[in-house]
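Report on the structure
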Amino acid sequence: MIVKRVFALLVLAACAAVPAALPPPLGVSMAESPDAAETAEGAATASDAGALVLERADACSLPAYIPNDAAGPAVIEDVAYANDDHRQKYDLALPDSTPKALVVIVHGGGWTSGGKRLFRPTIRMLATQGYAAASVGYRLASSSSKAFPASLEDVRCAIRAVADRVHARKTIVLGASAGAHLAAMAALTQDAPDLDGDCADHRPLHLDGAILYYAPLSLDRARERYIHIMRQAVDELLYGVSRVAAGVDEDAGDWAERAERATPANFVRPGAPPMLILHGEEDNIVPAADARDFAKVLERDHVPHLLVEVPGQKHGFPVLARGGGLTAASCTMMRFLAQIAAE
């Protein structure tokens, strides 16, 4: 368990935005500059005439990093969207003018650690670019009562609460690692009242796009695909940490059913919102095959999407970072936001 907690902390520290002048955090490697062939490899897909064509951007003017204690857009902290758990809160940063769109960020941490504070610099950076941006907390899978779908129920509830406050024309969900899994699930289950839990608001979600940073997307293949630390993380999501610590039989009769219910590809349908998938080519925690396989499912159902594999990157590279392939990833993310906001 100690090893897993260290892993979660490494991921959390790495996935926040960092200033370009600092070295890569916690050993996460910097990418070499991508060559021109990458643009073709990461090309957008649009199977239907008139469908949105997502565009890659290898260069742009990125927002400057804003530490929590620096001047810049203020953060409205710890706004409660439910009252059952201290994690059911969100932080919000607003631009000076009418928001171009709302970006809701879901933190990672293996579904059992982490918190919304990590992305306070990121939401401030997005606010300087004209976006309203929120970082949401959710119940962690510490016990069977907080196992999946409790975290997804919270993310759905939080998105509605923030959207009602901001009243932006478009809403995009962004997640990192475990948070990207939850972001994908939210985007693909917008009209699913059975996934609302105790949320007072059961209206269908309205999401116009999703950005997935190094997302674990093949939970139903965890036994064959993931390394031990990720298999344990999936078990803890599905059953809760306390039950896994007490021992969960890998051949438990309901494991496959639970895993299938938590696997985003099983919910892809035509008409799903556009998705940007960002994944490190050398990810040693969540294999790049997860991103590739998910992109194939999106292609099958004609969902506009763009897969960008970042050369030289392992798991947990920073959001809105600079340097080599990281610049291309960040610029493509900003291009995606602009495209969705303009639709």
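Here the structure is a predicted model, which is why all the values come from computation and not from measurement.

Notes on the nonpolar core
Ranked by size, the top nonpolar core spans 69 residues in total, and within it Trp111, Leu212, Val234 and Phe294 carry the most contacts. Tallying contributions element by element places helix H5 (residues 178-188) first for this core, with nine residues. When residues no more than four places from it in sequence are discounted, the contact partners of Phe294 are Leu188, Leu212, Leu217, Pro264, Ala265, Val268, Met275 and Ile277. With 40 residues, the next largest nonpolar core counts Leu126, Phe317, Leu326 and Cys331 among its residues.

Some points on the side chain of Glu153
With respect to the helices and strands, the residue Glu153 is situated in helix H4 (residues 150-166). A distance of 3.4 Å separates polar atoms of two side chains, one belonging to Glu153 and the other to Arg139. In contact with Glu153, not counting residues within four places along its chain, are Arg139, Leu195, Asp196 and Gly197.

Re the pattern of salt bridges
Tallied over the full model, the rule gives 22 salt bridges. Between Arg160 and Asp196 there is a salt bridge, and its shortest N-O distance comes to 2.8 Å. With Arg160 in helix H4 and Asp196 in the loop between H5 and strand S6 (209-213), the pair connects residues that are 36 residues apart, well separated along the chain. Each of the two residues, Arg160 as well as Asp196, counts as buried. The salt bridge involving Arg225 is made with Asp293; its shortest N-O contact spans 2.7 Å. In this pair, Arg225 sits in helix H6 (residues 222-225) while Asp293 sits in helix H10 (residues 288-300), placing the two residues 68 residues apart along the sequence. Using a relative accessible area of 24% as the deciding quantity, one classes Asp293 as partly exposed. Three or more residues are tied together by salt bridges with common partners; here these are Glu77, Asp78, Asp91, Lys116 and Arg120.

What about the environment of Gly240?
Summarising the element assignment, Gly240 is placed in the loop between helix H7 (228-239) and helix H8 (241-246). Counting along the chain gives 100 residues from Gly240 to Leu140, while the straight-line C-alpha distance between them is 8.6 Å. Excluding residues that lie within four positions of it along the chain, Gly240 makes contacts with Ala141, Ser142, Ser143, Ser144, Ala147 and Asp235.

A word on the state of the cysteines
Counted by the stated rule, this structure contains two disulfides. Note that Cys60 is cross-linked by a disulfide to Cys331, the S-S spacing being 2.1 Å. Taking the sign of the torsion about the S-S bond as the criterion, the disulfide between Cys60 and Cys331, at about -85 degrees, is left-handed. In this pair, Cys60 sits in the loop between helix H2 (37-41) and strand S1 (75-80) while Cys331 sits in helix H11 (residues 325-342), placing the two residues 271 residues apart along the sequence. Taking relative accessible area as the criterion, Cys60 reaches 37% and is therefore assigned partly exposed. The partner cysteine of Cys157 in its disulfide is Cys199, sulfur to sulfur 2.2 Å. Between Cys157 and Cys199, the S-S dihedral sits near 75 degrees, and the bridge is therefore right-handed. On the criterion of sequence distance, the pair formed by Cys157 in helix H4 and Cys199 in the loop between H5 and S6 is long-range, its members being 42 residues apart. Like Cys157, the residue Cys199 is buried in the burial classification.

How each quantity is defined
- Residues numbered from 1 in each chain as written.
- Predicted model: local features only at pLDDT ≥ 70, side-chain atom pairs only at ≥ 80, totals over all residues.
- Heavy atoms only, no water.
- Core = buried A, V, L, I, M, F, W, Y, C linked by side-chain atoms within 4.5 Å.
- Buried < 20%, exposed > 50% of the residue type's maximum accessible area, 1.4 Å probe, protein only.
- Helix = DSSP H or I, 4+ residues; strand = E, 2+ residues; numbered from the N terminus.
- Contact = heavy atoms within 4.5 Å.
- Polar contact = N/O pair within 3.5 Å; in protein donor to acceptor, adjacent residues only side chain to side chain.
- Salt bridge = Lys/Arg side-chain N within 4 Å of Asp/Glu carboxyl O.
- Disulfide = S-S within 2.5 Å.

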